[in-house]
Amino acid sequence: LVLDSKNLYERHFVNKSVDTTTNIDDNNSWNHYCASAPGRVNLIGEHVDYTGGYVFPFAIGYETIVYGSGRIITTSSSSSVTTANVRLVSTYSPDNVEEIWLSTESLPSTKEEAQSSWKWYVIGVIAQYLSDLLPSSLIEIKIAISGNVPLGSGLSSSASLEVATARFIEAVLGDEKYAEENSKKERALRCQKAENKWCYSPCGIMDQYVSSATSENAMLFIDCRSYEYEEICMKQPNTVVLVITNSNVKHSIGSGEYPVRVQQCNRVTQLLQQHNNKIESLRDVTDIEILESIKNNDKNKDDDDDIDVLFRRARHVVSENARTLQSKSCIESGDWVRLGQLMNDSHASMRDDYEVSCTEIDILVELAQNFDDGVYGSRLTGGGFGGCTVTLVEKNQADALMEYLKVE
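Cut-offs used in this document
- Residues numbered from 1 in each chain as written.
- Predicted model: local features only at pLDDT ≥ 70, side-chain atom pairs only at ≥ 80, totals over all residues.
- Heavy atoms only, no water.
- Helix = DSSP H or I, 4+ residues; strand = E, 2+ residues; numbered from the N terminus.
- Rg over C-alpha atoms; globule rule 2.2 N^0.38 Å.
- Contact = heavy atoms within 4.5 Å.
- Areas by Shrake-Rupley, 256 points an atom, 1.4 Å probe, with all protein chains shown as cover.
- Lys, Arg positive; Asp, Glu negative; His and termini not counted.
- Charge placed at Lys NZ, Arg CZ, Asp CG, Glu CD.
- Salt bridge = Lys/Arg side-chain N within 4 Å of Asp/Glu carboxyl O.
- Buried < 20%, exposed > 50% of the residue type's maximum accessible area, 1.4 Å probe, protein only.

Turning next to the overall build of the chain. Along its length, the chain carries 12 helices and 11 strands. On C-alpha atoms alone, the chain measures out to a radius of gyration of 23 Å, which is about the 22 Å that the 2.2 N^0.38 rule sets for 408 residues. With respect to the principal axes defined by its C-alpha atoms, the chain has extents near 70 × 55 × 35 Å. Of the contacts made within the chain by residues no fewer than 6 positions apart, 73% connect residues no fewer than 24 positions apart. Accessible area of the chain: about 17,900 Å², with a carbon and sulfur share of 45%. The distance from the centre of the 37 positive side-chain charges to the centre of the 59 negative ones in the chain is 2 Å.

Structure, rendered in structure tokens:
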């Protein structure tokens, strides 16, 4: 992938770079950088990050590479505006070089523009870093992007692109500024803001955080309210692996039903706050029975037909947070039977209460759960409406399971 990006960069930018301040060919004055960031799978804790819940993702061996060059030009202008000139190209469209100018005064694109091009994920991230430069500075960037995270698979190709871009910009600005541990969180928050504001996607923090902070062979247990995280490793020696299966049904969290779920969570939170003003988000609700009691009370007072739907959404979030907390101890102790049951329960909740699964995913989960031997649990992973499943299975049965799923 690095070579793909480098070759694409050299094809379009080497000896073709024009200094925008002097109109002189000046390619040798540019410093070169390469940054990467992985995709992710979420073991459990789905659709709870945007309500401050608990999630349990881990990085996968698929990534995005950003290779290119950059430089910072300090001008004598009295303007307080910082400007960026960005030229970018991707292996997904290798003949299409785009150039964008933006500044600290630039506004996000329209929703229609944002959903028509991947470039806004990159531009949105760069915009988050412009305020780190001195006023009136100009930053010039030329980048070539490649990646192998399957698009629309629920494995966070967008977050991978955002974090790789952020790391590239940090290198241009000076890595030492971003070397502290807290920078992992700040990087994730900048990338989340970029996706929220520039791509009109109401995602939570999970995808950007795991891509920014992950370590090899560890899962991240993330508290999406405090932004604290803990690296958790499976108890060793262990006899299990996780199998990821792609349904090849693509999804987008910036459109369709995902934003609707976010709105529904916000609405049911407002209803709950009428009963308890200490509730800031669904994270604060921990008792299903209390949730049911409030639902029945509101249903008697309200003829709103979707009150049942709203509280089923809340029931998923409340129960999913509880399952994620339990999963942490299962992984640390090696209780694979219990972990598998929690995964199965999670999928049923997403299918029935949150309604983010689809026929193809349900078939894959059911096939895995009913496999002869060695499977402990299986569930949808990611935002849903397509994407992938994650299955906990004994190592010595993994190959047989994968062959079985291919055949079926």
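Following the criterion strictly, the structure yields 20 salt bridges and no others. Residue E230 is joined to K328 by a salt bridge in which the shortest nitrogen-to-oxygen separation is 3.6 Å. Residue E230 is located in strand β8 (residues 229-232), and its partner K328 is located in helix α9 (residues 307-333); the two are separated by 98 residues in the primary sequence. Here E230 falls in the partly exposed class, since its relative accessible area comes to 35%. Across the pair R267 and D306 runs a salt bridge, and its minimum N-O distance is 3.0 Å. In this pair, R267 sits in helix α7 (residues 257-273) while D306 sits in the loop between α8 (288-301) and α9, placing the two residues 39 residues apart along the sequence. For R267, a relative accessible area of 34% puts it in the partly exposed group.

Moving on: the environment of G387. The topology assignment puts G387 in the loop between β10 (375-381) and β11 (388-394). Once the C-alpha coordinates of G387 and P237 are considered, the two residues, 150 residues apart in sequence, prove to be 31 Å apart. G387 has contacts with G152, S153, G154, T245, N246, S247, N248, V249 and I361, leaving out every residue within four places of it along the chain.

All we've got here are geometric facts, nothing functional implied.
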